[in-house]
Amino acid sequence: GGLSPLAAKAAQEVSKWRGTSALGESTKNYIGGEFRESKADKWLEVRDPSTQTVLTHVPETTAAEFDQAVDAAQQAFQTWSKTSVMRRQRVMFELQHLIRQNAPEIANSIVLEQGKTFADALGDVGRGLQVVESATAITNTLLGDKLEVSADMDTFSRRLPLGVTAAITPFNFPAMIVLWSAALATVTGNTLIVKPSERDPGATMIIAELCEKAGLPAGVINVVHGSAPTVNRICDDPAIKAISFVGGDKAGEHIYNRATPLGKRVQANLGAKNHCVIMPDANKNLTLNAVAGAAFGAAGQRCMALSVAIFVGPARQWIPELIERAKGLKVSGGFEEGTDLGPVISPEAKARVEHYIASVDKEGGKILLDGRNHTVPEYPNGNFVGPTIVECTTDMSAYKNEIFGPVLTIVEAENLDDAIAIINENKYGNGASVFTNSGSTARKFELEAEPGQIGVNVAVPVPLPMFNWSGNKGSFKGDIPFYGKSGIDFYTYRKTTTSLWPAADAVGNRATVTMPQ
Ligand code: NAD
């Protein structure tokens, strides 16, 4: 059927950017400051998830092209790492301005390729922009320590960039997650190779062009496309010193296990299963709005999406009202006015989500609201799944697996202790929240629930970048998390200098052979 009229207009806009196309042509690599057509013999289709229209093709970058990207990044590192911190800061000021100015353009690309609603896509850009804004504070955040440790002796530490770094990103936040690395890797003096998700490369290409306009010299940021073979080159290349990965468990564990034995620093944000506990003393409207928004927003394709709700005691009486609220959400193309949730990313993703819904029936759970076979008349070929609410026990597959779709699983617990025990038995640790009006309940939950990001009356407790991302347990591999203070740590190493400057006539003529203290 082709694109909807609104999407066709957006596709024209997106195709004006040098690296990307939404009119069926290829997406370019960006190497050494040039948008280059790949000579790959394997190309991957990018489709509009609302219509299946082929928007563009991305190359499986060739070995020679990959090497050119690494060479460009290595060369650029020689000068960029020595560029003054104030110049790098100025580039970030310019970049934040350009991203703000072009946010609707980036959002157009996201809606076309990823499917989320336009308003939600602006949020995706906005959360990335906040990391760029935090990077402008680099003249403070990079300050070292200095102490006069004894007479005539000073020690000071400085933080230096690592060299060539790489980012491998997922489909669900095509702007935000690329900006986590693009801002912090470069402002600290590193160069970067980005391998964006092969399903929605457009936002990264627009960001690369904006980085160039903001004054990042050629080779500081490079973009290569592809799937597992290109990722493996990133893991194996000795010039690449650090890898930021965000995505699913399988790819993340593979990358971590392949790259760390080679001495690379790896931070890997993985899958999730985020729970919330609803206490009977909570504010009902606040809770139900937050739960429906967090479970079904972005069609459940957020790593901080809410997947499990535990209604404690009489709070169970609110379930019918939650179902009504979920029914009221509009499912349609992301550009349509009033859409609350768009399609999931692919027909395979839709089949996976529907498989898990079906499994609830088979394994003895209850489907309270069934989003399967959801039809949107204007978009007969879209990968739509309507809001779904199921009731399960923790041994069922819909509970045990990350569904990554608009499916909220309700499990039962008698009291707060039981609810916390369920959360802590889960292998993941991205986020968990509690809805209550009791300070002591909230405090107990904060302290005892193990996931690394806790919400109190907040369903998507994603920390702003003055803090760092702090998912834990099975949701993270590595030692140094993304953005915030630890983002600066990830992209730098410390060097500590001790110097002695005595007056010339205070130095005797006998060597000291004992350990100086
Ligand atoms: P994905 O793992 O399929 O893809 C992520 C990246 O890894 C892509 O660039 C892809 O090309 C690459 N990749 C995929 N399979 C690979 C393989 N076998 N070998 C090497 N590289 C491979 O993830 P996705 O479907 O794009 O994103 C959804 C997943 O990401 C969900 O599990 C979600 O929870 C997770 N996620 C986590 C966070 C977080 O911060 N914890 C944030 C966003 C998404």
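Residues numbered from 1 in each chain as written. Predicted model: local features only at pLDDT ≥ 70, side-chain atom pairs only at ≥ 80, totals over all residues. Heavy atoms only, no water.

Caption draft 1: Examining the confidence of the model for the protein chain more closely. Put simply, the protein chain has an average pLDDT of 97, and 100% of its residues get 70 or more. Reported confidences for the modelled complex are a pTM of 0.97 and an ipTM of 0.98. (pLDDT = per-residue confidence, 0-100.)

Caption draft 2: Main features of the side chain of Glu 65. Structurally, the position occupied by Glu 65 is in helix H2 (residues 63-80). The contacts of Glu 65, once residues within four sequence positions are left out, are Asn 29, Ile 31, Glu 37, Ser 38, Lys 39 and Ala 40. (Helix = DSSP H or I, 4+ residues; strand = E, 2+ residues; numbered from the N terminus. Contact = heavy atoms within 4.5 Å.)

Caption draft 3: Representation of the sheet that holds strand S13 (residues 306-312) in the model. Taken together, 7 strands build an open sheet; the order of strands is S14-S15-S16-S13-S12-S18-S19 and the sheet is mixed. Edge strands, defined here as strands with exactly one partner in the open sheet, are strand S14 (366-369) and strand S19 (453-456). Each strand axis lies, on average, 25° off the axis of its neighbour in the sheet, ignoring direction. The sheet contact formed by strand S18 (residues 431-435) and S19 spans 4 bridges and is parallel. For Gly 431, the partnering residue across the bridge sits in S19 and is Gln 453. (Pairing = 2+ DSSP bridges. Axes fitted to C-alpha atoms, helices over the stretch in contact; angles between N-to-C directions.)

Caption draft 4: Main features of a nonpolar patch on the surface. On the surface, Leu 464, Met 466 and Phe 467 cluster together into a nonpolar patch covering about 330 Å² of accessible area. The topology assignment puts Leu 464 in the loop between S19 and strand S20 (472-473). Classification of Leu 464 by relative accessible area gives partly exposed; the value is 35%. (Patch = residues over 30% accessible without salt bridge, like charges linked within 9 Å, V, L, I, M, F, W, Y side chains within 5 Å. Areas by Shrake-Rupley, 256 points an atom, 1.4 Å probe, with all protein chains shown as cover. Salt bridge = Lys/Arg side-chain N within 4 Å of Asp/Glu carboxyl O. Buried < 20%, exposed > 50% of the residue type's maximum accessible area, 1.4 Å probe, protein only.)

Caption draft 5: Structural detail: the sheet that holds strand S22 (residues 492-500). In space, the 3 strands of this open sheet follow the order S5-S6-S22, with antiparallel pairing throughout. The strands lining the two open edges of the sheet, one partner per strand, are strand S5 (146-150) and S22. Each neighbouring strand pair of the sheet contributes to a mean axis angle of 25°, computed without reference to strand direction. Where strand S6 (residues 153-161) meets S22, 9 bridges bridge the pair, whose relative direction is antiparallel. Bridge pairing in S22 places Phe 156 opposite Thr 497.

Caption draft 6: The arrangement of the nonpolar core in detail. With 73 residues, the main nonpolar core has Ile 99, Ile 106, Leu 112 and Trp 180 as its most contacted residues. Top contributing element to this core by residue count: helix H3 (residues 85-114), with 11 residues. If we skip the residues at most four places from it in the chain, Ile 106 touches Ile 99, Val 125, Ala 175, Ala 203, Ile 206, Ile 207 and Leu 210. Listed in part, the 63 residues of the second largest apolar core include Phe 171, Leu 288, Tyr 379 and Leu 408. (Core = buried A, V, L, I, M, F, W, Y, C linked by side-chain atoms within 4.5 Å.)

Caption draft 7: Examining unusual backbone geometry more closely. Notably, Phe 404 is not glycine yet its phi reads approximately 55°, a positive angle. With respect to the helices and strands, the residue Phe 404 is situated in the loop between helix H13 (397-400) and strand S16 (407-413). We classify Phe 404 as buried; its relative accessible area is 17%. Despite not being glycine, Asn 457 has its phi angle at roughly 60°, a positive value.

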